[in-house]
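Structural overview
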Amino acid sequence: NDEDHVIKKSLMQLLTDLGFVIKKSALLKISGKFNIHSLNIPREGKFANWNLSLDLFNNNHDLLFSTTENGREGHITEIGVRQRCKRSARQYILDAYYTKILNYFDRISKFNKLIN
């Protein structure tokens, strides 16, 4: 459901904003799924639920961090509702997911300082 790569580009922006380099053989990998499901609501307009699941893995394929976010959007056209779902998922990535990733690395950093 990311034909125009809105989600992929948002994740790339997030990672480069955090100072990471994006390359094929990386130490960390983000894998995700983005789904949009049309709803039949007896109201005028088009509606859809969206779901974004993101998993962060290390180079040993160990899951380090996982998150899921859901939302619902409406618009007068099917294309418009899909664009709104992508916009909401993009906003989640650049705001809430950004904060969650920072907090995750901060906790790891504090833990490593405690054991060293």
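Before reading on, note that the structure itself is shown above.
Note that this is a predicted model, so its numbers are computed, not measured.

Let's shift gears to the packing of aromatic side chains. Under the definition given, this model contains 6 aromatic pairs. Pairing Phe 20 with Phe 105 gives two aromatic rings, centres 5.8 Å apart and planes at 40°, and the pair type is tilted. With Phe 20 in the loop between helix H1 (6-17) and strand E1 (28-39) and Phe 105 in helix H2 (residues 78-115), this residue pair connects regions lying 85 residues apart in the sequence. Assessed through its relative accessible area of 32%, Phe 20 is described here as partly exposed. Looking at Phe 105, the relative accessible area reads 28%, which means it is partly exposed. Ring geometry for Tyr 92 against Tyr 97: centres 6.4 Å apart, planes inclined by 40°, an arrangement best described as tilted. The exposure class assigned to Tyr 92 is buried, which follows from its relative accessible area of 7%. The class for Tyr 97 is buried, based on a relative accessible area of 0%. Members of the aromatic cluster, each reached through a chain of ring pairs, are Phe 20, Phe 65, Tyr 92, Tyr 97, Tyr 104 and Phe 105.

One ladder, built from 12 bridges, connects E1 with strand E2 (residues 46-58); its direction is antiparallel. Note that in E2 the partner of Phe 34 across the bridge is Leu 52. Hairpin remark: E1 followed by E2, antiparallel, with 6 residues in the connecting loop; positive phi at Gly 45, about 110°.

Sheet topology note: the E2/strand E3 (residues 63-75) ladder contains 12 bridges and is antiparallel. Its bridge partner being in E3, Asn 51 is matched across the sheet by Asn 70. The loop that links E2 with its antiparallel partner E3 comprises 4 residues; one of these, His 61, has a positive phi angle of about 65°.

Moving on to a nonpolar patch on the surface. Nonpolar side chains collect at one region of the surface, where Phe 20, Leu 27, Leu 28 and Leu 64 lie side by side and expose about 330 Å² of accessible area between them. One can find Leu 27 in the loop between H1 and E1.

Conventions and cut-offs
- Residues numbered from 1 in each chain as written.
- Predicted model: local features only at pLDDT ≥ 70, side-chain atom pairs only at ≥ 80, totals over all residues.
- Heavy atoms only, no water.
- Phe/Tyr/Trp six-rings, centres within 6.5 Å; stacked < 30°, edge-to-face > 60°.
- Helix = DSSP H or I, 4+ residues; strand = E, 2+ residues; numbered from the N terminus.
- Buried < 20%, exposed > 50% of the residue type's maximum accessible area, 1.4 Å probe, protein only.
- Pairing = 2+ DSSP bridges.
- Patch = residues over 30% accessible without salt bridge, like charges linked within 9 Å, V, L, I, M, F, W, Y side chains within 5 Å.
- Areas by Shrake-Rupley, 256 points an atom, 1.4 Å probe, with all protein chains shown as cover.
- Salt bridge = Lys/Arg side-chain N within 4 Å of Asp/Glu carboxyl O.

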